[in-house]
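Listed here are the chains, written in short residue letters.
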Amino acid sequence: MALQLRPNCEYCDKDLPPNATEARICSYECTFCADCADNKLHNVCPNCGGGFASRPIRPAQEWRPGVCVVKQAPSDKRVHLKYSVEDCAAHSARLKDIPPQER
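Owing to the predicted nature of the structure, the values given are computational and were not obtained by experimental measurement. (Residues numbered from 1 in each chain as written. Predicted model: local features only at pLDDT ≥ 70, side-chain atom pairs only at ≥ 80, totals over all residues. Heavy atoms only, no water.)

Caption draft 1: Geometry of the overall build of the protein. Check the secondary structure of the protein and you find two helices and three strands. Sequence-ordered secondary structure for the protein, helices as α and strands as β, is β-β-α-β-α. For the protein, the residues scored as buried account for 36% of the 103 residues in total. The positive charge centre, built from 14 side chains, and the negative charge centre, built from 13, are 4 Å apart in the protein. (Helix = DSSP H or I, 4+ residues; strand = E, 2+ residues; numbered from the N terminus. Buried < 20%, exposed > 50% of the residue type's maximum accessible area, 1.4 Å probe, protein only. Lys, Arg positive; Asp, Glu negative; His and termini not counted. Charge placed at Lys NZ, Arg CZ, Asp CG, Glu CD.)

Caption draft 2: Structural detail: the sheet that holds strand E1 (residues 23-25). Pairing is antiparallel in the open sheet, where three strands are placed in the order E2-E1-E3. The sheet is open, and its two borders are formed by strand E2 (31-33) and strand E3 (53-54), each paired with just one other strand. In this structure, E1 lies alongside E3, joined through two bridges in antiparallel fashion. Of the residues in E3, the one forming a bridge with Ile25 is Ala53. (Pairing = 2+ DSSP bridges.)

Caption draft 3: Region of the structure containing helix H2 (residues 85-95). Within H2, burial applies to Cys88, His91, Ser92 and Leu95. The arc that holds every buried residue of H2, seen down its axis, measures 95°, which confines them to one face. Turned more than 90 degrees away from the buried face of H2, the exposed residues are Glu86 and Arg94. Of the surrounding secondary structure, the elements contacted by the buried residues of H2 are helix H1 (34-40). (Arc of directions from axis to C-beta. Contact = heavy atoms within 4.5 Å.)

Caption draft 4: A look at the packing of aromatic side chains. Applying the stated rule across the entire model yields one aromatic pair. On the basis of an interplanar angle of 65° and a centroid distance of 5.3 Å, the ring pair of Phe32 and Phe52 is categorised as edge-to-face. One end of the pair, Phe32, is in strand E2; the other, Phe52, is in the loop between H1 and E3, with 20 residues separating them in the sequence. Like Phe32, the residue Phe52 is buried in the burial classification. (Phe/Tyr/Trp six-rings, centres within 6.5 Å; stacked < 30°, edge-to-face > 60°.)

Caption draft 5: How the structure looks around the nonpolar core. Counting residues in hydrophobic clusters, the biggest one holds 15 residues, and the most contacted among them are Cys9, Leu16, Phe32, Cys45 and Phe52. At the level of elements, E2 and H1 are the ones that each hand at least two residues to this core. Each residue touching Leu16, except ones within four places of it in the same chain, is listed here: Arg6, Pro7, Asn8, Cys9, Glu22, Ala23, Thr31, Phe32, Cys33 and Arg55. (Core = buried A, V, L, I, M, F, W, Y, C linked by side-chain atoms within 4.5 Å.)

Caption draft 6: Looking closely at the side chain of Glu29. Its place among the elements puts Glu29 in the loop between E1 and E2. Those residues in contact with Glu29, other than ones at most four positions away along the chain, are Leu3, Gln4, Leu5, Arg6 and Glu10.

What follows is the structure, given as structure tokens:
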């Protein structure tokens, strides 16, 4: 099962194409740009409370049969936060000093 590779930051709606090196995801694939993940959310996913990691890049070239961004297309469904900016700030403030492995 391949990652969805969601096309946008859920916080600021910035485009994050499949080859974006600034895309960050949590273990549930919630997707944010590096600026929002680091500076607005302080490494706290506003949806689950987990931390973020760099989203892997799906190969553009088919190095193995059927395995590339063309054969396994990324999602085109834009996802947006279901929480207010204020709620996200409070959630991040509550959890940001707790290491992700302890949340």
